[in-house]
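One letter stands for each residue in the lines below.
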Amino acid sequence: MEWHHYRFRSLWAVPAPPVAVYAVLERPEDYPRWWPQVREVTRLDDTTGVIRIRSVLPYDMTFTAREVRRDPAAGVLEIAMSGDIDGWARWTVRAHGSGSLARYEQVVDVNKPLLRRLALPGRAVFRANHRLMMRAGHRGLLAYLRTV
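Everything numeric in this text was worked out from a predicted model, so none of it was measured. (Residues numbered from 1 in each chain as written. Predicted model: local features only at pLDDT ≥ 70, side-chain atom pairs only at ≥ 80, totals over all residues. Heavy atoms only, no water.)

This part is about the overall build of the protein. Looking only at helices and strands, the protein features four helices and seven strands. Helices (α) and strands (β) of the protein occur, in sequence order from the N terminus, as β-α-α-β-β-β-β-β-β-α-α. Computed over the C-alpha atoms, the radius of gyration of the protein is 15 Å, within 12% of the 15 Å expected from 2.2 N^0.38 for a compact globule of 148 residues. Expressed as a percentage of the 148 residues in the protein, the buried residues total 43%. For the protein, the proportion of contacts with a sequence separation of at least 24, taken over those separated by at least 6, is 50%. Split by element, the accessible area of the protein, about 8,100 Å² in all, is 55% carbon and sulfur. Positive and negative side-chain charges of the protein, numbering 23 and 15 respectively, have mean locations separated by a distance of 8 Å. (Helix = DSSP H or I, 4+ residues; strand = E, 2+ residues; numbered from the N terminus. Rg over C-alpha atoms; globule rule 2.2 N^0.38 Å. Buried < 20%, exposed > 50% of the residue type's maximum accessible area, 1.4 Å probe, protein only. Contact = heavy atoms within 4.5 Å. Areas by Shrake-Rupley, 256 points an atom, 1.4 Å probe, with all protein chains shown as cover. Lys, Arg positive; Asp, Glu negative; His and termini not counted. Charge placed at Lys NZ, Arg CZ, Asp CG, Glu CD.)

Written out as structure tokens, the structure is:
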């Protein structure tokens, strides 16, 4: 097993129609408004940007995100990532009851040197850090959707 390789999956139940959830998720430059751990998003062009994130642990991760798939009809947004993390991430938004279910999937290799050195002893902590980030993102999205 490569200790610096991660697979994540989160499911967010959202009491809003899929089109409204998708509309928010397709605008990463607005993520810092509602997702506290997404510290900065700098657009480079229509399909590429640099994203800086920081959760509970005292380190930033910066990566370039390049749009791979934007399919509103299927509710899919997918990016390729390179930098402190390499890999991909995908949102899939579907109708669920009277609202939506947003599924987030991510497969990445961590490149940041310190995190690679701490990969084995820190793995459980890094995974918990990611869960906390995703939980805060879910709460932030719910609050943000109430204001738009």
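Let's shift gears to the packing of helix H1 (residues 18–25) against helix H4 (residues 119–147). Viewed as axis vectors pointing N to C, H1 and H4 meet at an angle of 110 degrees, and their least axial separation amounts to 11 Å. On the basis of their axis angle, the class for H1 and H4 is roughly perpendicular. In this structure, the crossing between H1 and H4 has a hand that is right-handed. On H4, the residues touching Ala20, Val21 and Val24 of H1 are Leu141, Tyr144 and Leu145. (Axes fitted to C-alpha atoms, helices over the stretch in contact; angles between N-to-C directions. Parallel < 35°, antiparallel > 145°, perpendicular 65-115°, else oblique. Left-handed = near helix turned anticlockwise from the far one by under 90°.)

Once that is clear, we can look at the pattern of salt bridges. Two side chains that carry opposite charge are able to pair once their charged atoms sit near each other. One pass over the structure, following the stated rule, counts 14 salt bridges. One salt bridge connects Arg69 with Asp71, and the closest N-O pair in it is separated by 3.1 Å. A residue is classified by how much of its surface remains accessible, and Arg69, at 36% relative accessible area, is partly exposed. According to the relative accessible area criterion, Asp71 is partly exposed, its value standing at 23%. (Salt bridge = Lys/Arg side-chain N within 4 Å of Asp/Glu carboxyl O.)

Glancing now at the nonpolar core. Ranked by internal contacts, the top residues of the largest apolar core, which has 38 residues, are Trp12, Val21, Leu25, Trp34, Trp35 and Trp91. For this core, the element with the most residues is H4, which contributes six residues. Leave out the neighbours within four places in its chain, and Trp34 touches Trp12, Val24, Leu25, Gly137, Gly140, Leu141 and Tyr144. (Core = buried A, V, L, I, M, F, W, Y, C linked by side-chain atoms within 4.5 Å.)

Below, the discussion takes up empty space enclosed by the protein. Applying the stated criterion across every chain yields a total of one cavity of 30 Å³ or more. Space inside the largest cavity adds up to approximately 750 Å³. Around the largest cavity, the lining comprises 45 residues; the ones closest to its centre are Phe63, Ile79, Met81, Tyr104 and Gln106. For the lining of the largest cavity, the elements supplying multiple residues, two or more each, are strand E1 (5–14), strand E2 (38–43), strand E3 (48–53), strand E4 (61–71), strand E5 (76–83), strand E6 (85–96), strand E7 (99–110) and H4. By residue number, the principal contributor to the lining of the largest cavity is E4, which donates seven residues. The class makeup of the residues in the lining of the largest cavity is 27 nonpolar, seven polar and eleven charged. (1 Å grid on protein atoms, 1.4 Å probe; cavity = no way out; pocket = protein on both sides within 12 Å on 5 of 7 lines; lining within 4 Å. Points joined across faces, edges and corners; volume = space filled by probe spheres on them. Nonpolar A, V, L, I, M, F, W, Y, C, P; charged D, E, K, R; others polar.)

This part takes up H4. Under the 1.5 Å per step criterion, the end-to-end length of H4 is 39 Å for 29 residues, consistent within 8% with the ideal 42 Å. Of all the bends in H4, the largest measures some 30 degrees and sits at Val125. (Expected span 1.5 Å × (residues − 1). Bend = angle between axes of the 7 residues up to and from the residue.)

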